[in-house]
Amino acid sequence: MVKITLNKSTLELTEGNITQQETDAIVNAANTSLLGGGGVDGAIHRAGGPKILEECRKLGGCPTGAARITTGGNLKTRYVIHTVGPVYHDGKHREAELLASAYKNSLNLTSRYKLKSVAFPSISTGAYGYPMHDAAAIALKTVIDYLKTHTDIELVRFVLFDQKAYQTYEKALQELIK
Ligand code: AR6
């Protein structure tokens, strides 16, 4: 596990499963329908039970780069923040801007709900095909910039699903803070 301090907040990288996190909120890498899917999305709905989908249905979808919030259902977290990352084409379709937006809007919701801790998966790097190192640099930079200018969130944790993802984030973080 890697931990760095920014102002009074902690940014953490850990290898693990997002559905097991006890942070106030966890973030879901959803699609624009908000009606479920595979990957992290499937795992969250399976572990969290039907209440999450029930609330999602009432939201009427979510544009790419935006974020919405629901109950955490049966999960250990109070809230699930659903955000939609971009599908990666060639890097020339506003992918970087939309990915940063997905993180920024999720952090804005965390603040608006006065939550102290939030856990993110590596958005867009599975089914949506975003190259992991580029995505990690954008994710980390967006969170670091946010924590430098907002002091309300005490902990932002990245939960990376395997060792390779973890090591890629660790390298991207070193490059950003050196
Ligand atoms: N905990 C943490 N990370 C995970 C977990 C987990 N339980 N499961 C997978 N990952 P993906 P996307 C990692 O495909 O690329 C869905 O069908 C995974 O290894 O879940 O944003 C949605 O409905 C990868 O690095 O999300 C959308 O249609 C990362 O999480 C679409 O996939 C993201 O992979 C979204 O695609």
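Residues numbered from 1 in each chain as written. Predicted model: local features only at pLDDT ≥ 70, side-chain atom pairs only at ≥ 80, totals over all residues. Heavy atoms only, no water.

**Q** I would appreciate a short explanation of the packing of aromatic side chains in the present structure.
**A** The geometry of an aromatic ring pair comes down to the distance between the two centres and the angle between the two planes. A complete count under the given rule lists six aromatic pairs for this structure. Look at Tyr79 and Tyr113: their rings are 5.4 Å apart centre to centre, the planes differ by 65 degrees, and that puts the pair in the edge-to-face class. Of this pair, Tyr79 sits in strand E5 (residues 79–83) while Tyr113 sits in the loop between helix H3 (95–112) and strand E6 (117–120), and the two are 34 residues apart along the sequence. We classify Tyr113 as partly exposed; its relative accessible area is 38%. Ring centres of Tyr103 and Phe120 lie 5.0 Å apart, and the angle between their planes is 45 degrees; on these two criteria the pair is classed as tilted. Residue Tyr103 is found in helix H3, and its partner Phe120 is found in strand E6; the two are separated by 17 residues along the sequence. An identical accessibility class is assigned to Tyr103 and Phe120; each is buried. Taken together, the ring pairs connect Tyr103, Phe120, Phe158 and Tyr169 into an aromatic cluster. (Phe/Tyr/Trp six-rings, centres within 6.5 Å; stacked < 30°, edge-to-face > 60°. Helix = DSSP H or I, 4+ residues; strand = E, 2+ residues; numbered from the N terminus. Buried < 20%, exposed > 50% of the residue type's maximum accessible area, 1.4 Å probe, protein only.)

**Q** When you look at the packing of helix H1 (residues 39–48) against helix H2 (residues 50–59) in this model, what are you seeing that I'm missing?
**A** For any two helices packed against each other, one specifies the crossing angle of their axes together with the interaxial distance. Packing of H1 against H2 leaves a shortest axis separation of 6 Å and a crossing angle of 120 degrees. Contact residues: H1 offers Ile44, His45 and Gly48, while H2 offers Pro50, Ile52, Leu53 and Cys56. Here the contact of H1 with H2 is built from residues that sort into five nonpolar, two polar and no charged. (Axes fitted to C-alpha atoms, helices over the stretch in contact; angles between N-to-C directions. Contact = heavy atoms within 4.5 Å. Nonpolar A, V, L, I, M, F, W, Y, C, P; charged D, E, K, R; others polar.)

**Q** Just to check I follow, could you spell out the site of the ligand for this structure?
**A** Neighbouring the ligand are 23 residues; Asn31, Gly38, Val40, Asp41 and Ser124 lie closest to it. The contact in question runs from an oxygen atom of the ligand to an N or O atom on the backbone of Val40, over 2.8 Å. One nitrogen or oxygen atom from the side chain of Thr125 is found 2.9 Å from an oxygen atom belonging to the ligand. For the ligand, whose accessible area on its own is 700 Å², the fraction buried by protein is 88%. The leading source of residues in the shell around the ligand is H1, at four residues. (Near = heavy atom within 4 Å. Polar contact = N/O pair within 3.5 Å; in protein donor to acceptor, adjacent residues only side chain to side chain. Areas by Shrake-Rupley, 256 points an atom, 1.4 Å probe, with all protein chains shown as cover.)

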